[in-house]
Amino acid sequence: MELRICHLYPDLLNLYGDRGNITTLVRRAQWRGIDVRVVEARLGDPIDPRENDLFFIGGGEDRQQRLAAPDLRQVKGAALREAAASDAAVLAVCGGYQLLGHYYRPADGPDLEGLGLLNLHTVHPGPGARRLIGNIVINEATSGTRLVGFENHGGRTHLGSQARPLGTVVVGFGNNGEDRTEGAVWRSVYGTYLHGPLLPKNPWLADLLIGVALRRRYGEMTLHPLPDAEEHRAAEAAATRARAGGPQAATSRRPGSRL
Ligand code: GLN
């Protein structure tokens, strides 16, 4: 049995340790005796919708998003759409999450057209606008399971009607700092603002994605549990710290910052 991961733009979209998500997926599969293959897809590299079962795309500043957006649409878009529609797992964080929506309107410059895999759009209110920064805790929408992480974004994401949020904000800002939604889900496509990185702090989500990916290739199966006492203690500590600190709205320290 082999877990086949495709890491999109590893050199371009990788903020706040997003790469740690890949490490977590690899280790948690290997600890169960499952082989893992990670393929990296950079600018210009086509992807195969059937070769890989789990796609990851991290966060980045507007400058990097501007480079990735046309490539995501023109070079990889059709394949990623096909993979998602045939129940591959997709995880997208922050800048990558924004690019899976219909469009991202940066603080300056033209709109970046997204892939439209998730029914949402994102608007940055402009240079000098308050950034949404801090530790974040959410409850996942279907199971109520807690997710902890760190967010830092200027863009405000608004879900379209019928779009499903990943969760409800307990502490922090989430999609836009107003409606308490965080992230979005369609089929097995998960978009979120949670850096941290996300998966080491929330191993149950890593297992959910691994399970989706393996089932797509091998049919029904269950992952045996791992001894996660340390991980749970770490997540508990992160949640306690977040509750104590609350959201930290910050004004951009660099007016005109494109982050
Ligand atoms: N540039 C985007 C924003 O600030 C994404 C930032 C990120 O990926 N951390 O909204």
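Quick caveat, the model's predicted, so the values are computed rather than measured.

Peer 1: A description of the packing of aromatic side chains should follow, citing residues and the corresponding values.
Peer 2: According to the stated counting rule, one finds two aromatic pairs in the structure shown. Measuring from centroid to centroid gives 5.4 Å for Tyr16 and Phe150, while their planes differ by 80°, and the two rings are edge-to-face. With Tyr16 in the loop between strand S1 (2–8) and helix H1 (20–30) and Phe150 in strand S9 (residues 146–153), this pair connects stretches of sequence that are 134 residues apart. Between Tyr97 and Tyr193, the aromatic rings sit 5.2 Å apart at their centres with planes inclined by 80°, giving edge-to-face as the arrangement. Of this pair, Tyr97 sits in helix H3 (residues 95–100) while Tyr193 is found in the loop between strand S14 (189–192) and helix H4 (198–201), placing the two residues 96 residues apart along the sequence. With a relative accessible area of 0%, Tyr193 lands in the buried category. A cation over an aromatic ring shows up here: Arg187 above the ring of Trp186, its NZ or CZ 5.8 Å from the ring centre.

Peer 1: Pulling in residues and values, what's your account of the site of the ligand?
Peer 2: The ligand sits among 16 residues. The nearest are Asp62, Cys94, Gln98, Gly154 and Gly155. Within the backbone of Gly60, a nitrogen or oxygen atom sits 3.1 Å from an oxygen atom of the ligand. Here Gly154 contributes a backbone N or O atom positioned 2.8 Å from an oxygen atom of the ligand. Protein chains bury 100% of the 300 Å² of accessible surface belonging to the ligand in isolation. Breaking the shell around the ligand down by element, the ones donating at least two residues are helix H2 (62–85), H3 and S9.

Peer 1: Kindly report on H2, identifying the contributing residues and their values.
Peer 2: Owing to its 3.6 residues per turn, the α-helix aligns residues three or four sequence positions apart on the same side. The end-to-end C-alpha distance of H2 is 28 Å, clearly below the 34 Å that 24 residues give at a rise of 1.5 Å each. Where H2 bends most, the angle comes to about 75°, and this point is Lys76.

Peer 1: Break down empty space enclosed by the protein for me, citing the residues and quoting the values.
Peer 2: According to the stated counting rule, one finds three cavities of 30 Å³ or more in the structure shown. One number sums up the size of the second largest cavity: a volume of about 40 Å³. What lines the second largest cavity is simply Asn135, Ile136, Val148, Gly149, Lys201, Ala238, Arg241 and Ala242. For the lining of the second largest cavity, the secondary structure elements donating two or more residues are strand S8 (130–140), S9 and helix H6 (229–245). Per element, the largest residue contribution to the lining of the second largest cavity is three residues, and it comes from H6. A per-class count over the lining of the second largest cavity returns four nonpolar, two polar and two charged.

Peer 1: Provide a residue-level description of the environment of Asp35, including the pertinent values.
Peer 2: By the secondary structure assignment, Asp35 is in strand S2 (residues 35–41). The spatial distance from the C-alpha of Asp35 to the C-alpha of Gln98 is 31 Å, given a sequence separation of 63 residues. Residues within four places of Asp35 in sequence aside, it is in contact with Met1, Glu2 and Leu3.

Peer 1: Report on unusual backbone geometry, specifying residues and quantitative values.
Peer 2: Residues Gly196 and Pro197 are joined by a peptide bond in cis, for which omega reads -5°. Secondary-structure assignment places Pro197 in the loop between S14 and H4. Even without being glycine, Tyr9 reaches a positive phi, approximately 50°. With respect to the secondary-structure elements, Tyr9 resides in the loop between S1 and H1. On the basis of relative accessibility, which here comes to 0%, the residue Tyr9 falls in the buried class. For Gln162, which is not glycine, the phi torsion reads 75° and is therefore positive. If you trace the backbone, Gln162 turns up in the loop between strand S10 (156–159) and strand S11 (167–171).

Thresholds applied
- Residues numbered from 1 in each chain as written.
- Predicted model: local features only at pLDDT ≥ 70, side-chain atom pairs only at ≥ 80, totals over all residues.
- Heavy atoms only, no water.
- Phe/Tyr/Trp six-rings, centres within 6.5 Å; stacked < 30°, edge-to-face > 60°.
- Helix = DSSP H or I, 4+ residues; strand = E, 2+ residues; numbered from the N terminus.
- Buried < 20%, exposed > 50% of the residue type's maximum accessible area, 1.4 Å probe, protein only.
- Lys NZ or Arg CZ within 6 Å of the ring centre and 35° of its normal.
- Near = heavy atom within 4 Å.
- Polar contact = N/O pair within 3.5 Å; in protein donor to acceptor, adjacent residues only side chain to side chain.
- Areas by Shrake-Rupley, 256 points an atom, 1.4 Å probe, with all protein chains shown as cover.
- Expected span 1.5 Å × (residues − 1).
- Bend = angle between axes of the 7 residues up to and from the residue.
- 1 Å grid on protein atoms, 1.4 Å probe; cavity = no way out; pocket = protein on both sides within 12 Å on 5 of 7 lines; lining within 4 Å.
- Points joined across faces, edges and corners; volume = space filled by probe spheres on them.
- Nonpolar A, V, L, I, M, F, W, Y, C, P; charged D, E, K, R; others polar.
- Contact = heavy atoms within 4.5 Å.

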